[in-house]
Each structure stands twice: as structure tokens, then as C-alpha cells.
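Working through the structure, step by step
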Amino acid sequence: MDVQYDVIIIGSGPAGLTAAIYASRANLRTLILEAETPGGKLTKTYEIENYPGIMKISGVDLAMQMMEHSTNWGAEMEYEGCEKIVPQEGYFEVHTAYGNVLTSKCVIVASGTKERTLDLPRAEEFTGRGISYCAVCDGAFYRNKDVAVIGGGNSALEESLYLTQLVNKVNIIIRRDVFRAEPKVVEKVRNNPKINIITKSLPDALVIEDNKVKGLVIRNVDTGEKTTLECEGIFPYIGADPSTEFLKDLGVLDARGYMVVDDSMETSIKGLFGAGDVVAKDLRQVVTATNDGAIAANSVARYING
Ligand code: NAP
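Throughout, a residue's number is its position along its own chain's written sequence, starting from 1. Only residues with pLDDT of at least 70 are given local features in this predicted model, and only at 80 or more are side-chain atom pairs given and counted; all residues enter the totals for whole chains, interfaces and linings. Side-chain metrics rest on all non-hydrogen atoms present in the structure, leaving aside hydrogens and water.

Quick notes on the sheet that holds strand 14 (residues 212-220)
In spatial order, the strands read 13-14-15; together these three strands make up an open sheet with antiparallel pairing. Two strands bound the open sheet, and with one partner strand each, they are strand 13 (201-209) and strand 15 (226-230). Taking the axes of each pair of neighbouring strands and ignoring which way they run, one obtains an average angle of 30 degrees across the sheet. As judged from the five bridges shared by strand 14 and strand 15, these two strands associate in the antiparallel manner. Residue arginine 219 lies in a different strand from strand 15, and its bridge partner there is lysine 226. Should DSSP find at least two bridges between two strands, the strands are taken to pair. Secondary structure elements follow DSSP: runs of H or I no shorter than four residues count as helices, runs of E no shorter than two count as strands, and numbering proceeds from the N terminus. Angular values range over 0 to 180 degrees, each being the angle between N-to-C directions of two axes fitted as lines to C-alpha atoms, with helices fitted over their stretch in contact.

A few points about the pairing of strand 6 (residues 82-88)
Here strand 6 runs beside strand 7 (residues 91-96); their pairing, made up of six bridges, is antiparallel. When the bridges of strand 7 are listed, lysine 84 appears paired with histidine 95. Adjacent in sequence and paired antiparallel, strand 6 and strand 7 are bridged by two residues, among which glycine 90 carries a positive phi angle near 85 degrees.

Some details on the site of the ligand
Note on terminology: near, applied to a residue and a molecule or strand, indicates that one of the residue's heavy atoms is within 4 Å of it. Near the ligand lie 18 residues; those nearest to it are Gly152, Glu158, Arg176, Arg180 and Gln285. For the ligand, an oxygen atom lies 2.7 Å from a polar atom in the side chain of arginine 176. The accessible surface values rely on the Shrake-Rupley method and a 1.4 Å probe; as for residues, cover is taken only from the protein chains in view. Surface burial for the ligand is 78%, taken as the share of its 910 Å² of free accessible area covered by protein chains. Looking at the shell around the ligand, the element that brings in the most residues is helix 4 (residues 154-163), giving three residues. Any pair of nitrogen or oxygen atoms within 3.5 Å is treated as a polar contact; in protein, a donor-acceptor pairing is required on top of that, and neighbouring residues in sequence qualify only through side-chain atoms on both sides.

Rendered as C-alpha cells:
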């Protein structure tokens, strides 16, 4: 059996690209498969301020530098999604969305997470025209307007700070009265005069006029009282779920759909590894993703070299 690659890496976020750098430098025949934009969640992040050695960098710039770094060492890249991984005797088949079947001695899954969508009537219809999951991509459409950001995690707060540079006012809606984001970011948000924080509230309905988003009805979680917030843009940042549908038959996921791996980033299937946000763990950061990618590629090299 002529196996095409030593390792196929699924996903090109920080975990996948770091795995590609380490695998290529170990002289492994390496292919990265990417279904969407190279860089993963980085490309939707305005600024990174906690990657050691780099005080501040835009998400897109860091993604492009990581990508150039990985292909510079010889990793190949194909823009195809993964539909299915089939373990065979001593190798894996990777079935792509375009119907191709690729073969590899090992697979590193670094497919990350997918943002949760707003569960309101007509939300899907207005996604891309009033509702956006990417402030960096769509923020400029709401220049000098009022917007709402839903959620109190790092993504919601960091992207709110970005939006203040463009819009008139950012209303952050959180369901509790505390934020989930790290304290330094919360402090910046609290000190920003363009940000209005609405606590103990959940989105209840969209206000649509002339086929456009004009506001959001919010409901107080304690009193049930409903109020209408005028806004033309809504940015939900309400967390994410792992992108692991294609692994569901392999028995390598926990109850929430995250990959279960050991210290070497290997799953219960020999030769199948996980890295980055897709793995069950406590801390999801660029730095923990790159850490996982390096360990996974090193483990692949050891596995292949016996
Ligand atoms: P997250 O940390 O899970 O926060 C989700 C937020 O949305 C929470 O405030 C949560 O409220 C709220 N929420 C969840 N479901 C909701 C619903 N149905 N309706 C209204 N609100 C809802 O998600 P994230 O901000 O996307 O971050 C994901 C991961 O990436 C985290 O581990 C985060 O630390 C990491 N990250 C790190 C950075 C950084 O270090 N610079 C940047 C971005 C993301 P509750 O708090 O009440 O649950």
C-alpha cells in the first residue's frame, strides 16, 4: 500500500499550523486540509495581546505569518473539508468534501470550534445583514450606528472594544451580572465610554422594520420584563462547540463532542491525534493551541519512527 502522506492535519488554525511546522521540520510528508479560511479563529480576531513575545498583533497578521512559516518548511495545503476518517491497518483514509480519498500514516485533527448561533426567530434570515459573527469582517458596515454584542466571554468583550473604534455605541448584553472574560479585558470594557453594559438579560426577539434589523427585544432574567434596544447590528459571541461531526463514529469524543487525548495528544486510536480548541481541556488560547500542535507533531514523528 503506497500511503501518500506521513501526516494529514485537519484545520489550519494555530494548532494545525504549528503541527505543520514541527512535522515538516521533522521531514514528514505533511498535508494541511482547510475547509474555510487559513488561520482559523485568528482571522476573526481583531488583536492578540497575550501571545508571548508579541505585545500586540492583529489576528490576521499572526495567522498569515504562521501559515507562511508552515508552508516555508514544506507542508502542503489543500482547501477541502474532511467528511470522514476511516482507520485502516497501519494507515488512515481521509475522505474529503470533494469526494477525494487521501491516505496518511497519521492524522492530527485541529478543526477547532464553531460559534453558536443566535436562537431567535428570523435570526438565520438576517445573518449577514444585521446579524454578524465576525466584528472584524463586518464591523465597518455599522459605522456610527448603535450595535448590540451578546455574551460576556473574551470574544464578546475583545470584539466589543474593536467595534468602539467604528460604531456610535456598543451595548453588551450578558445573562448574569459577571463577565466570563479575563479581568484586564473587563477593566478596559468598563472604562470605555462607548460601551453600555446590560446585565441579567437575554435576547428575546429581533425588531425588523422595512426588512432590516432595527433593534433587539431583551428580557430581564429575574423579572421577565421586556425592553427594546435600538440597534442596527447584532454580534452574538455566545460560545462555541467543537467541529467534530466527522469523528462521531470513532469513539474518540467526550459527551460534549470534544476529542479526548492523552499527554502525547493521541486519541484511543493509535495514530489519530487531536490538537487545539477541539480537544477537551480547560484553557483555550492561541498559546495552548500552538503547544498542542507541537506535541502532536512530535508524537507523530515518534510514532512513525517507531
Ligand atoms: P465563552 O468563554 O464560552 O463565553 C460565552 C459567553 O456567552 C458567556 O458570557 C456566556 O454566559 C454567554 N452565553 C452562552 N450561551 C448564551 C446564550 N444562549 N445566550 C446568551 N449568552 C450566552 O466563549 P468565547 O468568548 O467565544 O471564548 C471561547 C474560548 O476561547 C474561551 O476559552 C476563551 O477564553 C477563548 N478565547 C480567548 C481569547 C484570549 O485569550 N484573548 C479570546 C477569545 C476567546 P455565561 O458566562 O453566563 O455562561
